[in-house]
Amino acid sequence: MSSSSKVIVALDYTNAAEALAFASRVNPALCRLKVGKELFTRCGPPLVEQLVARGFDVFLDLKFHDIPNTVAQACKAAAELGVWMVNVHASGGRRMMETTRNALEALPQRPLLIAVTVLTSMNAEDLAELSLPEPAKQVEMLARLTYSSGLDGVVCSAHEAGLVRALSSPEFKLVTPGIRPANSAANDQSRIMTPVAAIDAGADYLVIGRPITQSDDPAATLAEINASLAG
Ligand SMILES: O=c1ccn([C@@H]2O[C@H](COP(=O)(O)O)[C@@H](O)[C@H]2O)c(=O)[nH]1
């Protein structure tokens, strides 16, 4: 079942039981799910397959960054788990992205392939320390590279959604973490925006972790966010 919600819940739990408990409390129509480095490293492919078997669209967020062949084969392995979306780092470059895209396109059924531009935790000072320009400029350069490499979309902050849309197409997916409902803690995120503002800015999908998973009632918090977006 494909969700009509734009929310992707980041299941950043330390164990499978907590992740599955959350999945049992929500319907696959209400959200998509993201399995990232923490949960995957602890629980591996079997958990991903269980979530897929329960009908969820799963974004496997492992942000691959390696030589072209290694990344392409890793993404093929992810595709075999039945996931809806996989990602790489755009800074891995054109050859890495094109090799991966070609490997996935040869499959009978493939996940969406997107690339991370600049992590939403990073601010201008973080980038300056790496001799990189301000976030918007760096996102623009990496999003342009990703688009011309034929990928399906990017991970960026909602602050850059407008500029990425302007250089790509209406179909190019803008997946935005760093989403914080009003009065939520920013935690380690830098480039944040509220759910409604992010959708208004042009985001296609909102990745939301701690504001949902660490709330007193995660399912109710998800329902509130969905309602705010419907309104
Ligand atoms: O630029 C990025 C790319 C990925 N993430 C991931 O999204 C979630 C965000 O979780 P919150 O608890 O809502 O901060 C997390 O899994 C990150 O690994 C990101 O935040 N920024």
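Nothing here was measured: the structure is a model prediction, and the numbers come from that model.

A. Layout of the site of the ligand. Taken together, 15 residues sit near the ligand, with Ala-10, Thr-120, Pro-177, Gly-209 and Arg-210 positioned nearest. Across the shell around the ligand, the residue classes break down as seven nonpolar, six polar and two charged.

B. Local environment of helix 2 (residues 37–53). In this model, helix 2 (17 residues) spans only 20 Å end to end at C-alpha, well below the 24 Å of a helix rising 1.5 Å per residue. Considering bend angle alone, the principal kink of helix 2 is centred on Gly-44 and spans about 105°; proline Pro-45 follows within four residues of it. Among the residues of helix 2, those classed as buried are Leu-39, Cys-43, Leu-47, Val-48 and Leu-51. Considering only its buried residues, helix 2 is in contact with helix 1 (16–25), strand 2 (32–35) and strand 3 (58–64). Looking one or two places after helix 2, you find Gly-55, whose phi comes out positive at around 100°.

C. Spotlight on the environment of Glu-49. For Glu-49, the location among the structural elements is in helix 2. Given 15 C-beta atoms within 10 Å, Glu-49 falls into the partly exposed group. Taking C-alpha positions, Glu-49 is 7.2 Å from Gly-82, a pair spaced 33 residues apart along the chain. For Glu-49, the residues in contact, after removing those within four places along its chain, are Leu-81 and Gly-82.

D. Seen up close, the sheet that holds strand 3. The strand order around the closed barrel formed by eight strands is 1-2-3-4-5-6-7-8, and the pairing between neighbours is parallel. This sheet shows a mean twist of 25° between the axes of neighbouring strands, independent of strand direction. Here two bridges tie strand 7 (residues 173–176) to strand 8 (residues 205–208), and the two strands are oriented parallel to one another. Within the sheet, the bridge partner assigned to Thr-176 lies in strand 8 and is Leu-206.

E. Spotlight on the pairing of strand 2. Burial along strand 2 is two-sided: the face carrying Arg-32 and Lys-34 and the face carrying Leu-33 and Val-35 are both buried. Of the strand pairs in this sheet, strand 1 (residues 7–10) and strand 2 are connected by three bridges, and their pairing is parallel. Along strand 2, the bridge assignment pairs Ile-8 with Arg-32. Crossover handedness for the path strand 1 to helix 1 to strand 2: right-handed. Note that strand 2 and strand 3 share three bridges and pair parallel.

F. Seen up close, helix 3 (residues 68–79). In this model helix 3 runs 16 Å from its N-terminal to its C-terminal C-alpha over twelve residues, within 8% of the 16 Å that 1.5 Å per residue would give. Regarding helix 3, the residues found buried are Val-71, Ala-72, Cys-75 and Ala-78. Within helix 3, the buried residues cover an arc of 120° as seen down the axis, which keeps them to one side. Across helix 3 from its buried face, at more than 90 degrees, point the exposed residues Asn-69 and Ala-77.

G. Highlighting the nonpolar core. Grouped together as the largest cluster of nonpolar side chains are 65 residues, with contacts concentrated most on Val-9 and Leu-33. No other element matches the five residues that helix 2 contributes to this core. Ignoring sequence-local partners within four residues, the contact set of Val-9 consists of Cys-31, Leu-33, Lys-34, Ile-208, Ile-212 and Leu-222.

H. Here's a closer look at unusual backbone geometry. Not every positive phi belongs to a glycine, and Lys-63 is a case in point at roughly 45°. Along the polypeptide, Lys-63 turns up in strand 3. Positive phi is not limited to glycine here, since Ser-131 has a value of about 60°. Note that Ser-131 resides in the loop between helix 5 (124–129) and helix 6 (135–148). By the C-beta count within 10 Å, which is 6 here, Ser-131 ends up exposed.

I. Local environment of the UniProt feature "domain: Orotidine 5'-phosphate decarboxylase" (unreviewed entry) in the chain. The positions UniProt marks with the feature "domain: Orotidine 5'-phosphate decarboxylase" (unreviewed entry) are residues 6–225. With 44% helix and 16% strand, the stretch residues 6–225 has end C-alpha atoms that lie 10 Å from each other.

Reading the values: the criteria
Residues numbered from 1 in each chain as written. Predicted model: local features only at pLDDT ≥ 70, side-chain atom pairs only at ≥ 80, totals over all residues. Near = placed C-beta within 6 Å. Nonpolar A, V, L, I, M, F, W, Y, C, P; charged D, E, K, R; others polar. Helix = DSSP H or I, 4+ residues; strand = E, 2+ residues; numbered from the N terminus. Expected span 1.5 Å × (residues − 1). Bend = angle between axes of the 7 residues up to and from the residue. Buried ≥ 20, exposed ≤ 12 C-beta atoms within 10 Å, placed from the backbone. Contact = placed C-beta atoms within 7 Å. Pairing = 2+ DSSP bridges. Axes fitted to C-alpha atoms, helices over the stretch in contact; angles between N-to-C directions. Right-handed = clockwise from strand over helix to strand, strands pointing away. Arc of directions from axis to C-beta. Core = buried A, V, L, I, M, F, W, Y, C linked by C-beta atoms within 7 Å. UniProt positions renumbered as here; feature names shortened; annotations may be inferred.

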